[in-house]
Amino acid sequence: SSSNNINMLLKGPTRAGCLVACLAWVVIAPLVSGDVLKDALARIDKSKADHLVDLKALVGFPSVSALPIHANDLLAAAAWLEQRLKKAGMQHVEILNTTGPQPVVFGHYQGSGTGPGGGRRPVLLVYAHYDVQPVDPLEEWESPPFEVTQKGSELYGRGVDDDKGGLLQAVHAVEALVGAASASGAPLPLDIKFMLEGQEEILSPHLRPFLEAHTGTLACDLVLSADGGQISETQGGVALGLRGVLGAEVEVATAGTDMHSGMKGGSVANPNSVLARLLAGLHDPATSRVAVPGFYEGVSEPSAQDEADMSAYGWDEPRERAALGVLGWAGEEGYSTLARRWHRPTLEVVGMSGGFTGPGIKTVIPRAASAKLSARLVPGQDPDDVYAKVRAHLLASAPPYANVTVTRLGGSARPWTSPRGGAGNTAAARVLERVMGRPAKYLRDGATIPALADFTHYLGAPVTKFGWGLGDHIHAPNERLKVAMWEKGSRAWVQLLWE
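Below is a short write-up of the structure. Please read these numbers as outputs of a predicted model, since none were measured by experiment. Throughout this description, residue numbers start from 1 for each chain and increase along the sequence as written. Note on the predicted model: pLDDT of at least 70 is required for a residue's local features to be given, and 80 or more for side-chain atom pairs to be given and counted; whole-chain, interface and lining totals, by contrast, use all residues. Calculated side-chain values reflect all of the structure's heavy atoms, with hydrogen atoms and water omitted.

Before going further, it helps to spend a moment on the pairing of strand β9 (residues 244–253). Burial classes: relative accessible area under 20% of the type maximum marks a residue as buried, over 50% as exposed, and values in between as partly exposed (1.4 Å probe, protein chains only). Numbering of helices and strands starts at the N terminus; helices are DSSP runs of H or I of at least 4 residues and strands are runs of E of at least 2. Along β9, eight of the ten residues are buried, which leaves the element largely enclosed by surrounding structure. Summarising the sheet, β9 and strand β13 (residues 368–377) pair through ten bridges and their orientation is antiparallel. Bridging from a neighbouring strand, Leu246 pairs with Ala375 of β13. Paired strands are those between which DSSP finds at least two bridges.

Below is the structure:
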């Protein structure tokens, strides 16, 4: 298997550095005693109780990056992770500041011995994030959000899936592998770095300058993302792409003060009404296509392979419809639901505010109203270009009696893609087949992890996603993770690092 992969790689055009990394990746297992893998997996199994203690501790930090009130909680979580990486065997660990308030926790394990053919050891960079989404609405939680609560076969708590659980699975796997190698006296001929981010949930607004400033520190042959998930408890999936994202806010002001809806109503503009018309004008009512001129420039149709992947995915439409409680599917005309999620861009209204929204009624015409927009982008689109087009469209559609302003919100992310036959994806597919008992499927994901495209852009390294959540209620009340996936993920990470 390894020799076949090497021959395949040698036939393809690739940079020398990437070739070295790929060769190292597929032949690293024979360099280490098989007893090390067996011992590492045994260490995972013996440490289940301790690992759950770790999860409870990390979830206990309300590290909500979107809310300034939690700034100190983010710092506390970073400090805890600094100590946990040291405990896991990282020889070098430090907290690195960004240009924002949320730092990066960096760890580096330097292996021993040489790489394939007496060359340098391959370098892996493990990525994860320790910040989480806000917990609102709090009253809908069935248990305290910042406490891990087990209910039957599931663990509840903010971040158990996205992404504190995934982060710890990778840490525990490295700890087990390092410990097993040390106990046996066998060399572990690879270097492993950790980059744990604290602002992924606000679109990583300070990540790009951080990567530019630390390209040497973060230099690697392959990035492994612990942020992500699998298709089901029994079906693994290799992600080949994520959509990009940008956020914006549009505000409509029609007066300098709120006004009595009886005394002034009918004679002045209502910003809620103006905003509603502007938002309705973002889409064609007949086809649900985004109506912003130039929005689809550069967007390609799904390929034949894309169509085959969607067909093989096995999406359970009735089950998802029942689980979500939706009354029906909607979206751009002419595309399936999976195509709309995986391969088509979107422009969504994700928040609205205007006038009195408390209990009861207040008969007032507000002076202003606003809405928050989120666009998910696909290959061929650029966040800056799309933002400029959306902004121009909204301003051009504004009536003369309304002041309309459009501003960027948070960071943005480019779309990310990963080659099906890349060394990391090939290794992940093999591990998933062993762990799940069936061949992995290939998919795209409509969500966004801003760092992934930036890793390729700034570090020149390919990225493989290897998360183990199921996306159950992430970003919503009652986020949860199945115990089986929590335990299975750590074992799978050991095997992936070994692979």
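Turning our attention to the packing of helix α3 (residues 34–46) against helix α16 (residues 483–498). At a minimum axis distance of 9 Å, the contact between α3 and α16 shows a crossing angle of 160 degrees. One way to sum up the angle between α3 and α16 is to call them roughly antiparallel. Helix-helix and strand crossings are classified by hand; for α3 and α16 the assignment is right-handed. Taking contact as the criterion, the partners of Gly34, Val36, Leu37, Ala40, Leu41, Ile44 and Asp45 in α3 are, on α16, Ser490, Arg491, Val494, Gln495 and Trp498. Just so you know the grouping, Ala, Val, Leu, Ile, Met, Phe, Trp, Tyr, Cys and Pro go in nonpolar, Asp, Glu, Lys and Arg go in charged, and all remaining residues, Gly too, go in polar. Across the contact of α3 with α16, the residue classes tally to seven nonpolar, three polar and two charged. For helices, the axis comes from a line fit to the C-alpha atoms of the stretch in contact; other axes are also lines fit to C-alpha atoms, and the angle between any two N-to-C directions lies between 0 and 180 degrees. Angle categories are assigned with fixed cut-offs, so that under 35 degrees is roughly parallel, over 145 is roughly antiparallel, 65 to 115 is roughly perpendicular, and the rest are oblique. In a left-handed crossing the near helix is turned counterclockwise from the far helix by less than a right angle, and in a right-handed crossing that turn is clockwise. Residue contacts follow a heavy-atom distance rule, with two residues in contact if any of their heavy atoms lie within 4.5 Å.

Our next topic: the pattern of salt bridges. When the charged atoms of two side chains with opposite charge come close together, those side chains can pair. Salt bridges are defined by distance alone: a side-chain nitrogen of Lys or Arg within 4 Å of a carboxyl oxygen of Asp or Glu. For the coordinates displayed, the defined rule picks out 24 salt bridges. The partner of Glu301 in a salt bridge is Arg344, with the nearest N and O atoms 3.6 Å apart. Here Glu301, found in the loop between α9 (271–280) and α10 (304–313), pairs with Arg344, found in the loop between α12 (337–342) and β11 (346–354); they are 43 residues apart in sequence, far enough to count as distant. On the basis of relative accessible area, Arg344 is assigned to the buried category, the value being 3%. A single network of salt bridges, built from pairs that share partners, joins Arg289, Glu301, Glu332 and Arg344.

Mapped onto the elements, Leu96 comes out in strand β1 (residues 92–96). When its relative accessible area of 9% is taken as the criterion, Leu96 is described as buried. When the C-alpha atoms of Leu96 and Met195 are compared, they prove to be 9.7 Å apart, with 99 residues separating the residues in sequence. Non-local contacts of Leu96, meaning those with residues more than four positions away in its chain, are made with Pro103, Val104, Phe106, Phe210 and His214.

Judged by how many residues are buried, helix α15 (residues 450–459) sits mostly within the fold: seven of ten residues are covered. Among the residues trailing α15, Gly460 stands out with phi positive, at a value near 70 degrees.

Moving on to the sheet that holds strand β16 (residues 441–445). To summarise the sheet geometry, strands pair through backbone hydrogen bonds and adopt either a parallel or an antiparallel arrangement. Pairing is mixed across the open sheet formed by three strands, whose spatial order is β15-β8-β16. Strands at the two margins of the open sheet, each flanked by one partner only, are β15 (416–417) and β16. Packed onto the sheet, helix α14 (residues 423–436) meets β8 (237–242) and β16 and runs at close to 145 degrees relative to β8.

Where empty space is left becomes clear once a probe the size of a water molecule has been rolled over the atoms. Each cavity reported here is a set of points on a 1 Å grid over the protein atoms alone in which a 1.4 Å probe fits but cannot get out, each pocket an open set with protein on both sides within 12 Å along at least five of seven lines, and each lining residue one with an atom within 4 Å of a point. Grid points are joined across faces, edges and corners, and a volume is the space filled by probe spheres set on the points. This model, assessed by the stated rule, comprises four cavities of 30 Å³ or more. Roughly 50 Å³ of volume is contained in the largest cavity. For the largest cavity, the full set of lining residues is Leu246, Gly247, Ala248, Leu347, Leu373, Ser374, Ala375, Val386, Tyr387 and Val390. Elements that contribute at least two residues to the lining of the largest cavity include exactly β9, β13 and α13 (383–396). When its residues are assigned to classes, the lining of the largest cavity shows eight nonpolar, two polar and no charged.

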